[in-house]
Amino acid sequence: MLLTIDCGNTNTVFSLWDGDTIVQTWRTSTDHRRTADQYYVWLSTLMQVRGIKADVSDVVISSTVPRVVFNLRVLCDRYFDCRPLVVGKPECRLPVPPRVEEGVRPGPDRLANAAGAFQRHGGHVVVVDFGTATNFDVVAEDGAYIGGVIAPGVNLSLEALHQGAAALPHVDISRPDRVIGTNTVACIQSGVFWGYTGLIEGITQRIKAEYGRPMKVVGTGGLAALFAQAEDLFDVIEDDLTMYGLRVIHDYNKAMARQEQA
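Residues numbered from 1 in each chain as written. Predicted model: local features only at pLDDT ≥ 70, side-chain atom pairs only at ≥ 80, totals over all residues. Heavy atoms only, no water.

## With respect to the overall build of the protein chain
Thinking step 1. Along its length, the protein chain carries seven helices and ten strands.
Thinking step 2. Computed over the C-alpha atoms, the radius of gyration of the protein chain is 20 Å, within 12% of the 18 Å expected from 2.2 N^0.38 for a compact globule of 262 residues.
Thinking step 3. Seen along its three principal axes, the alpha-carbon backbone of the protein chain occupies a region of about 65 × 45 × 35 Å.
Thinking step 4. Across the 262 residues of the protein chain, 46% fall into the buried class.
Thinking step 5. Long-range contacts, defined here as pairs at least 24 residues apart, represent 58% of the contacts in the protein chain between residues at least 6 apart.
Thinking step 6. Seen as two clouds, the 24 positive and the 30 negative side-chain charges of the protein chain have centres 3 Å apart. (Helix = DSSP H or I, 4+ residues; strand = E, 2+ residues; numbered from the N terminus. Rg over C-alpha atoms; globule rule 2.2 N^0.38 Å. Buried < 20%, exposed > 50% of the residue type's maximum accessible area, 1.4 Å probe, protein only. Contact = heavy atoms within 4.5 Å. Lys, Arg positive; Asp, Glu negative; His and termini not counted. Charge placed at Lys NZ, Arg CZ, Asp CG, Glu CD.)

## Some details on the nonpolar core
Thinking step 1. Ranked by internal contacts, the top residues of the largest apolar core, which has 25 residues, are F130, V154, I173, F227 and F234.
Thinking step 2. Only β6 (125–130), β7 (133–139), α4 (154–164), α5 (184–211) and α6 (224–227) provide two or more residues apiece to this core.
Thinking step 3. If one sorts the elements of this core by residue count, α5 sits on top with seven residues.
Thinking step 4. Discounting chain neighbours no more than four positions away, the residues touching F227 are F130, V154, V192, F193, Y196, T197, I200, L233 and F234. (Core = buried A, V, L, I, M, F, W, Y, C linked by side-chain atoms within 4.5 Å.)

## Regarding the sheet that holds strand β3 (residues 21–29)
Thinking step 1. Spatially, the five strands line up as an open sheet ordered β3-β2-β1-β4-β5, and their pairing is mixed. Whereas interior strands pair on both sides, the edge strands pair on one side only; in this sheet they are β3 and β5 (85–86).
Thinking step 2. By the bridge criterion, six bridges tie strand β1 (residues 2–7) to strand β2 (residues 11–18) in an arrangement that is antiparallel. In the strand pairing of β2, L3 is matched with L16.
Thinking step 3. Strands in contact with helix α2 (residues 66–79) are β1, β2, β4 (58–63) and β5; relative to β4, the strand with the most contacts, it is inclined by about 170°.
Thinking step 4. In this fold helix α7 (residues 241–261) packs onto β1, β2, β4 and β5, with an angle of close to 125° to the strand it touches most, β1. (Pairing = 2+ DSSP bridges. Axes fitted to C-alpha atoms, helices over the stretch in contact; angles between N-to-C directions.)

## Digging into the side chain of T12
Thinking step 1. Topologically, T12 is positioned in strand β2.
Thinking step 2. In terms of polar contacts, T12 uses its side chain to reach the side chain of T30, at 2.8 Å. (Polar contact = N/O pair within 3.5 Å; in protein donor to acceptor, adjacent residues only side chain to side chain.)

## Side note on α2
Thinking step 1. In this model, α2 (14 residues) spans 21 Å end to end at C-alpha, consistent with the 20 Å of a helix rising 1.5 Å per residue.
Thinking step 2. Three or more residues of α2 are buried, namely V68, V69, N71, L72, V74, L75 and C76.
Thinking step 3. Looking at the buried positions of α2, the neighbouring elements they touch are β1, β2, α1 (36–49), β4 and β5.
Thinking step 4. D81 lies just past α2 and shows a positive phi near 50°. (Expected span 1.5 Å × (residues − 1).)

Okay, here's the thing in structure tokens:
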């Protein structure tokens, strides 16, 4: 079985794959102080709850938090007896290298999104990924990541508003029934929901105009389904896109290794 791990600034997601099928996905808060033993106790307990007997033979990791990678490597070595593939490291090859400015290292999650989007949609894609930041990843016809846009994430904006304005409460994001709010909570929800709807719509339209060709817009991340309620912002929602992209990268590296050994 393959274990894919996507470590973001806020949450870390583990997905267990049996061939082409995701068996189960688990999510935990990202904490660089969490040890390999703690990861294993947490993960193995959740597997037992689901009645899963996993024989993990390979692991691929995407991490935007470098300090977490060490303990994840120890986890793989100590409990799965394997050396993980880490996206963004020299030993990890990509199906199509990114085409960005020299010296720029795109985030590994963005590279995984590009690999997954190309495998499923064949290029000419904008991936809108809702995380700590809201990322727009542009995937060219040949599957190369060619750049994008980074905007503050929805929850990050809500937290900044709450901290910066003493009179404003922290609220949960949801689609309001009306644009014009009649109380403070409704006003904030409307501003965030419809504000980000306009941001997504406006940026994707400008990307399409600059790209000069029809493009498919794919939403992923925790809040993608919520914003899909607003307008026709996305052509498709794919919650597992990043994890699927990690599997694509893993399979590519395995295939390349077999060719070299032949």
